[in-house]
Protein chains: 2
Amino acid sequence: MAVTIKKIAELAGVSVGTVDRALNNRKGVNQEVAGRIKEIADSVGYVPNTVAKGLVARRKEVKIGVIIHTPKHAFIEELLAGIQAANKKIADYGVEIMARYGEGYDADSQIRMIDELVDEGIHALAIIPLNDKRVVDKLEELRKRGITVALMVSDIDVDCLAYVGCDLYRGGRIIGGLAGMLGGRDSKVVYCTAPLEILGNVRRLDGLKDVLQERYPDIHLLGVCELQNDDLAAYRQAAIAFKEYRDADTIVVTTGCTKGVLSAIEETVFEKKVNVITLDLAKPVEQAMARGLVQATVVQHPFLQGKKVIETLFNYVVMGKVPDSKKIYIDTDIKIYESIF
Amino acid sequence: MAVTIKKIAELAGVSVGTVDRALNNRKGVNQEVAGRIKEIADSVGYVPNTVAKGLVARRKEVKIGVIIHTPKHAFIEELLAGIQAANKKIADYGVEIMARYGEGYDADSQIRMIDELVDEGIHALAIIPLNDKRVVDKLEELRKRGITVALMVSDIDVDCLAYVGCDLYRGGRIIGGLAGMLGGRDSKVVYCTAPLEILGNVRRLDGLKDVLQERYPDIHLLGVCELQNDDLAAYRQAAIAFKEYRDADTIVVTTGCTKGVLSAIEETVFEKKVNVITLDLAKPVEQAMARGLVQATVVQHPFLQGKKVIETLFNYVVMGKVPDSKKIYIDTDIKIYESIF
DNA sequence: CTGTTAGCGCATTCAC
DNA sequence: GTGAATGCGCTAACAG
């Protein structure tokens, strides 16, 4: 039987109320008494019961805001599923989640959403942040107002509770490693990326470039195509680009809209057979893997990312638990045909 | 504010006790009343509060037994860490974990451990089962006695709550796919495996063979070395085997004791440069990756496996939640140099 | 068959 | 500064 505040109260010869006040550093306790209580708690190895704490927490409803300000692709759907899963788990603690979606990469619009949620009284916010000074300032402002912020999916430079998501720089390195492994030492690579307004996409590209330079100096990065997050638009842009890069033998696709790009690849006549490396595991990618077009895909576990952001915010806001690290990285893994079929 | 049994009691014009009895299908409730209560609960979308449930559960201490009957390698250490992590999370519910370790692959010894734990009054058991009829029978017996059993790491054919672990057959397929990807269509593969008393190891080998047959018919599986789970012994056995397989160009190491085998590889003069594919991410593997000996490693997330088994048992025994599936598969992923460095 | 109540461990409020 | 009491939602034991 684990030790409770009641037992500590007995041992210290005080009431549970005093123990509670002492252990949680609340005001209104004699310094000496508080010290003695803490010592006793320490010596008996007291650990507060999170379940009971949770039951109590239920009394004040907590609202967590979510802002996903990017087109809704497979990745985002999975992310949302993860958020929902976490929500289900913590609903019993009286936590409510309020989500806002937006398309495009407009900082003003993102800021408007933040303000909306603040008006609705959120206590915490999970956001895929645009890399814009105004957004940074706004998030700093929230922090000052006591609203806890967690970044997800893409990290930017702002002081907040934590960033939860993949290490995208490493993701880029892994892609680079795969390119080297599959394409050989002197292959020619074309890199397709989602818009670089999302800083994570920039970092990923950096990772790739660094690996190529460090470990595969003979690989030639023919070009970088920044594609719109829309299947048709991406298709058109990619089709044009690939004509220019006909001597490519490795194509990397890190956009959310793989479908259009994959079509463009299949319709382009390359000089040799191309290896294709993609990001995540949407249906189009699976199908392309099935028919041998895609050799490997680098997965970022969006479901887990969504689940973890909410859990992190919940643990802090409701349970008072500070995350172990400011960077909560989700693994970046590699899947091949046999991983799925 | 979510709906509680109290509110349902009000709506139905009965007491909370009756609602509790009705919703949990306990005896001693009028059929009609029970039906009405269930209807009301349904219509208002009642979801029991797991936190409150947990607090109550704390009154009767629950014991979960753990049997790890295999040498303690890095994989097992991680598995244990996962079990401990889960334990920490559920200690607040009054759950205690009692672990037993054994070396070797002796079914009698494993059965003895099971009996010991049963004598100590466990309510549930997580076990890495040996594939032996007597073990199967013993586990069936536990089930009949009302002790919930979950298998971990290696699946065998016995009716229990669930198997939690990787799909090892798929793991074998992934290894096969990697071998094909790295070694080329006509490479020569040597496969080193941990003892085949653990059925999972057999399944993994099956997966590899099937993939080679289906997708890489020209790859030649030179030989299968069943190595002991002891670094020195494995080293000696492997060194002898590799002399015979000097024309190999791909070596797969799926033993827990990679260290000995990796040394043996480095000391053997192969006819060409060999690609090495390993299992999991122990220190020796990392180091070998760093110096370019190992190209890829297939990871099985032992930490997660351990965490998940305990959570699954807990959810069933304490919270009454039946797992969604009898097979709870943990992802099998691929890591390369850039995944780590 | 049904209602009432105590209590799981903690936080909070109100007395003192 | 401190103690006592109440309640979070649920289960179990006891009363009726």
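Residues take numbers from 1 onward in each chain, read along the sequence in its written order. Chains carry letters and ligands carry numbers; both start at the beginning, A for chains and 1 for ligands, and go up in the order they are written. Since the coordinates come from a predicted model, pLDDT governs what is reported: local features require at least 70, and pairs of side-chain atoms require 80 or more to be given and counted, while whole-chain, interface and lining totals use all residues. Values shown for side chains rest on all heavy atoms present in the structure; no hydrogens or waters enter the calculation.

K.L.:
Can you tell me about the protein's contact with DNA strand D, naming the residues and giving the values?
P.N.:
Consider each residue's heavy atoms; a residue with any of them within 4 Å of a molecule or strand counts as near. Within the structure, DNA strand D sits among 28 residues, and T18, N30 and R59 of chain A together with D20 and Y46 of chain B are positioned closest to it. Counting only atoms of DNA strand D within 4 Å of the protein, the fraction found in sugar and phosphate groups is 70%. Identification of polar contacts relies on pairs of N or O atoms within 3.5 Å, with a donor-acceptor requirement for protein atoms, meaning one able to donate a hydrogen and the other able to accept it, and with residues adjacent in sequence counted only if both atoms are side-chain atoms. Here R21 of chain A contributes a side-chain N or O atom positioned 2.9 Å from a base nitrogen of DNA strand D. At 3.4 Å, a side-chain N or O of N24 of chain B approaches a phosphate oxygen of DNA strand D. Elements supplying a minimum of two residues to the surface near DNA strand D: α2 (16–23) and α4 (50–57) of chain A together with α2 (16–23) and α4 (50–57) of chain B. In DSSP terms, a helix is any run of H or I states spanning at least four residues, a strand is any run of E spanning at least two, and both are numbered starting from the N terminus. With four residues, α4 of chain B is the largest single contributor of residues to the surface near DNA strand D.

K.L.:
Talk me through the relation of the copies chain B and chain A; I want residue IDs and the actual numbers.
P.N.:
Copy-to-copy superposition: least squares on the C-alpha atoms, limited to residues that have pLDDT of at least 70 in both copies. At an RMSD of 0.1 Å, chain B and chain A line up after a rotation of 180° and a shift of 0.0 Å along the axis. Here the two chains are linked by the operation of a two-fold rotation axis. Among all residues of chain B, the one whose C-alpha sits closest to the rotation axis is I334 of chain B, at a distance of 2.5 Å.

K.L.:
Which residues make up helix α10 (residues 231–244) of chain A, and what values go with them?
P.N.:
Residue and element names in this part refer to chain A. Between the first and last residue of a helix there are one fewer steps than residues, each counted as 1.5 Å, and that sum is the expected span. In this model α10 runs 20 Å from its N-terminal to its C-terminal C-alpha over 14 residues, within 8% of the 20 Å that 1.5 Å per residue would give. Any residue under 20% of the maximum accessible area for its type is buried, any over 50% is exposed, and the rest in between are partly exposed; the area is computed with a 1.4 Å probe on protein chains only. What α10 keeps buried is the set A233, A234, A238, A241 and F242. Along the axis of α10, the buried residues cluster in a sector spanning 150°; they form a single face. α10 presents R236, I240 and K243 as exposed residues on the side facing more than 90 degrees away from its buried surface. Close packing links the buried residues of α10 with β6 (188–193), β7 (220–226), β8 (250–254) and α11 (258–267). N-cap assignment for α10: the residue whose side-chain oxygen lies 3.0 Å from the backbone N of L232 is D230. Arc definition: it is the arc formed by the directions from the helix axis to the C-beta atoms. Contacts are residue-level and defined by heavy atoms, with any inter-residue pair within 4.5 Å sufficient.

K.L.:
Residue-level account of the environment of F303 of chain A, with values.
P.N.:
All names here are of chain A. Within the secondary structure layout, F303 lies in helix α13 (residues 302–317). Taking C-alpha positions, F303 is 22 Å from P195, a pair spaced 108 residues apart along the chain. If near-sequence neighbours (up to four positions away) are discounted, F303 is found in contact with E78, L79, A81, G82 and A85.

K.L.:
Could you give an account of the pattern of salt bridges, naming the residues involved and the relevant values?
P.N.:
Any carboxyl oxygen of Asp or Glu within 4 Å of a side-chain nitrogen of Lys or Arg constitutes a salt bridge here. Throughout the structure, instances matching the rule amount to 46 salt bridges over all chains. Taking the shortest distance from any N to any O, the salt bridge between K272 of chain B and D249 of chain B comes out at 3.5 Å. Of this pair, K272 of chain B sits in the loop between α11 (258–267) and β9 (275–279) while D249 of chain B is found in the loop between α10 (231–244) and β8 (250–254), placing the two residues 23 residues apart along the sequence. Residue D249 of chain B is classed as buried on the basis of its relative accessible area of 8%. One continuous salt-bridge network, built from bridges that share partners, spans D115, K138, E141 and R145 of chain A.

K.L.:
Mind laying out the UniProt feature "domain: HTH lacI-type" (unreviewed entry) in chain A, listing which residues take part and the relevant values?
P.N.:
As recorded in UniProt, the sites labelled "domain: HTH lacI-type" (unreviewed entry) are residues 3–57 of chain A. With 67% helix and 0% strand, the stretch residues 3–57 of chain A has end C-alpha atoms that lie 21 Å from each other. UniProt positions are given in the numbering used here, feature names are shortened, and annotations may be inferred rather than shown by experiment.

K.L.:
Pulling in residues and values, what's your account of the protein's contact with DNA strand C?
P.N.:
Taken together, 29 residues lie near DNA strand C, and D20 and Y46 of chain A together with T18, N30 and R59 of chain B sit nearest. Here, DNA strand C places atoms within 4 Å of the protein, and 65% of those atoms are sugar or phosphate. Here D20 of chain A contributes a side-chain N or O atom positioned 2.4 Å from a phosphate oxygen of DNA strand C. Contact distances for DNA strand C include 2.7 Å between a phosphate oxygen and a side-chain N or O atom of R58 of chain B. Secondary-structure elements contributing two or more residues to the surface near DNA strand C are α2 and α4 of chain A together with α2 and α4 of chain B. Counted by class, the surface near DNA strand C contains 13 nonpolar, eight polar and eight charged residues. Amino acids outside the nonpolar list (Ala, Val, Leu, Ile, Met, Phe, Trp, Tyr, Cys, Pro) and the charged list (Asp, Glu, Lys, Arg) are all regarded as polar, and Gly is one of them.

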